[in-house]
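Here is what each chain is made of, one letter per residue.
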Amino acid sequence: MTLQRILVGLDGSPLAESVLGAVRALAGPLGAEVTLLHVAHVPESIRAAADVTIDGAVARERHEAERYLRRIARELREAGIAVRTSVAVGDAALEIMKSADRDDSDLLALATHGRSGVWRWLHGSVADAVLHGTTRPLLLLRPSVTAPPTGDIERLVVPLDGSAVAEEALALARELAQRLHVPLELLQVVEVASLVFTGDPASQLLFDHTRMLEMMLAGAKAYLEDVADRERRHGVRVETTVSAGGVAPTIPFHGDRPGSLVVLGSHGRTGWRAAVLGNVARRVVALAEGPVLVVRPRAAAVS
């Protein structure tokens, strides 16, 4: 797995542009080419206007988009990054995925919010649609008006839960660690909710929750050390962290430190844990202050 082509979806808003800091932090050291994509959108109010043709509205939107993308591209080129620009017309999420397939992009990058009102094509729904529709790695950032631009990446936080699907993120994380010369932090969160649902309700008075938690923490530590030993054979610096709590809130807590990039398999365990915890990747992105790189599993890892 290699990252040489990064596709960035932009809608003209400063919030959507906030993902560019994370893109710059990856593309620069990796020598990756960045494609900036804007999907032209014609509001219903313009479509309904009798004196304005749709073709004319699209042409004006395309012209404005090209001028906007040239400005962003110039800023990236000044940072030494190779950049292309592209303008499409249609459904934003669909056009992003079609463009990624056409260019064989190695990574997609989106902010989870963009314009408001009739212009919002990156307001949650688009990023969510791409998250669930693409099989390519996806870099997501929930932007904040007050958050500083992303600087250099100093560590990669890789949450694991013992499943093959979660471990799918390791190959990409390993490559990034090697090429960026940064350590991996392997993280496992012992789900406190697991203790609540352990055993028959009638036996809860006899159940030693403290002992069970200690055993689960010890098991998680042993598992992470085993994975860490495998990764160290590839010449990667590895740290391990075991924490207790809710999975979705705990991962951002570790990933929000300055210089961190969370690299997350998009699915973990199945069955009742999925029902209790919901879509972990989506919730982590919603809570995280920093960038999250979501890796979709291969079919073999899911089965």
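For the structure, check the block above.
All of these numbers come straight from a predicted model, not from anything done at the bench.

> Explain the overall build of the protein to me, and be specific about the residues and the numbers.
Along its length, the protein carries 14 helices and 10 strands. Within the protein, counting contacts between residues at least 6 apart in sequence, those at least 24 apart form 80% of the total. Accessible surface for the protein amounts to roughly 14500 Å². Of this, 55% is attributable to carbon and sulfur atoms.

> I'd like a description of the pattern of salt bridges, backed by residues and values.
Overall, the coordinates contain 20 salt bridges when judged by the stated rule. Arg71 is the partner of Glu17 in a salt bridge, and the nearest nitrogen-oxygen pair spans 3.7 Å. In this pair, Glu17 sits in helix α1 (residues 14-17) while Arg71 sits in helix α4 (residues 54-78), placing the two residues 54 residues apart along the sequence. Assessed through its relative accessible area of 18%, Glu17 is described here as buried. The salt bridge partner of Glu231 is Arg174, with a shortest N-O separation of 2.7 Å. Of this pair, Glu231 sits in helix α10 (residues 209-232) while Arg174 is found in helix α8 (residues 169-180), placing the two residues 57 residues apart along the sequence. Judged by its relative accessible area of 3%, Glu231 is buried. Residues joined in a network through salt bridges with shared partners are Arg5, Asp101, Asp104, Asp106 and Arg136.

> Explain the sheet that holds strand β9 (residues 260-265) residue by residue, including any values.
What links the strands of a sheet is backbone hydrogen bonding, and the strands pair in either a parallel or an antiparallel sense. Spatial strand order, β3-β2-β1-β4-β5-β10-β9-β6-β7-β8: 10 strands in an open sheet with mixed pairing. A strand with exactly one partner marks an edge of an open sheet, and here the two such strands are β3 (83-89) and β8 (238-245). Averaged over all pairs of adjacent strands, the angle between their axes in this sheet comes to 25°, without regard to strand direction. Together, β1 (5-10), β2 (33-40), β3 and β4 (107-111) form the strand contacts of helix α5 (residues 92-103), whose direction differs from that of β2 by roughly 145°. Its contacts with the sheet put α10 on β7 (184-191) and β8, and the angle it makes with β8 is roughly 160°.

> Please provide a residue-by-residue account of the packing of α5 against helix α6 (residues 125-133), values included.
Contact pair α5 / α6: the axes reach a minimum separation of 8 Å and the direction vectors enclose 40°. Relative to α6, α5 is oriented oblique. Every pair of crossing elements has a handedness; the one defined by α5 and α6 is right-handed. Of the residues in α6, those touching α5 at Ala92, Ala93, Ile96 and Met97 are Val126, Ala129, Val130 and Gly133. Looking at the contact of α5 with α6, its residues break down into 7 nonpolar, 1 polar and no charged.

> Got a sec to walk through the packing of helix α2 (residues 20-30) against α8? Specific residues and values, please.
Interaxial distance between α2 and α8 falls to 10 Å at its minimum, and their mutual angle equals 65°. In terms of orientation, α2 and α8 fall into the roughly perpendicular class. You can see that α2 and α8 cross each other, and the crossing is left-handed. Of α8, the residues touching α2 (which contributes Ala25, Leu26, Pro29 and Leu30) are Leu176, Arg179 and Leu180. Grouping the amino acids of the contact of α2 with α8 by side-chain chemistry returns 6 nonpolar, no polar and 1 charged.

> Report on the pairing of strand β10 (residues 292-295), specifying residues and quantitative values.
Side chains Val292 and Val294 of β10 all project onto a buried face; the interleaved residues Leu293 and Val295 project onto the opposite face, where all are buried too. Two strands pair when backbone bridges link them, and strand β5 (residues 138-141) and β10 are joined in this way by 3 bridges, in the antiparallel orientation. What sits directly across from Leu138, in β10, is Val294. The pairing of β9 with β10 spans 4 bridges and is parallel. What sits directly across from Gly265, in β10, is Val295.

> Tell me about the nonpolar core, residues and numbers included.
Grouped together as the largest cluster of nonpolar side chains are 54 residues, with contacts concentrated most on Val8, Leu36, Leu176 and Leu186. Residues within four places of Leu36 in sequence aside, it is in contact with Val8, Leu10, Leu20, Leu69, Ile72, Ala73, Leu76, Val83, Arg84, Thr85 and Ser86. Counting 30 residues, the second largest nonpolar core, distinct from the first, contains Ile96, Leu187, Ile251 and Ala281.

> Please set out helix α13 (residues 280-287) residue by residue, giving values where relevant.
Given 3.6 residues per helical turn, the α-helix brings residues three or four places apart onto the same face. Those residues of α13 that fall on the buried side of the exposure criterion are Ala281, Val284 and Val285. Buried residues of α13 fall within an arc of 100° about the axis and therefore sit on the same side. Turning to α13, the residues buried within the fold contact β5, α11 (247-255), β9 and β10.

> Can you break down the environment of Val130 residue by residue, with the values?
You can see Val130 is positioned in helix α6. Residues Val130 and Leu110, spaced 20 residues apart in sequence, show a C-alpha to C-alpha distance of 9.2 Å. Not counting chain neighbours up to four residues away, the residues in contact with Val130 comprise Ala93, Ile96, Met97, Leu108, Leu110 and Leu138.

> So what's going on with α10? Residues and values would help.
Counted at 1.5 Å a residue, the expected span for α10 with its 24 residues is 34 Å, and the 34 Å between its end C-alpha atoms agrees. Turning to α10, its buried residues number three or more, namely Ala220, Tyr223, Leu224, Val227, Ala228 and Glu231. On the buried face of α10, the contacting elements are α7 (164-167), α8, β7 and β8.

Reading guide: rules and limits
- Residues numbered from 1 in each chain as written.
- Predicted model: local features only at pLDDT ≥ 70, side-chain atom pairs only at ≥ 80, totals over all residues.
- Heavy atoms only, no water.
- Helix = DSSP H or I, 4+ residues; strand = E, 2+ residues; numbered from the N terminus.
- Contact = heavy atoms within 4.5 Å.
- Areas by Shrake-Rupley, 256 points an atom, 1.4 Å probe, with all protein chains shown as cover.
- Salt bridge = Lys/Arg side-chain N within 4 Å of Asp/Glu carboxyl O.
- Buried < 20%, exposed > 50% of the residue type's maximum accessible area, 1.4 Å probe, protein only.
- Pairing = 2+ DSSP bridges.
- Axes fitted to C-alpha atoms, helices over the stretch in contact; angles between N-to-C directions.
- Parallel < 35°, antiparallel > 145°, perpendicular 65-115°, else oblique.
- Left-handed = near helix turned anticlockwise from the far one by under 90°.
- Nonpolar A, V, L, I, M, F, W, Y, C, P; charged D, E, K, R; others polar.
- Core = buried A, V, L, I, M, F, W, Y, C linked by side-chain atoms within 4.5 Å.
- Arc of directions from axis to C-beta.
- Expected span 1.5 Å × (residues − 1).

Bear in mind that shape data such as this cannot, by itself, settle questions of function.
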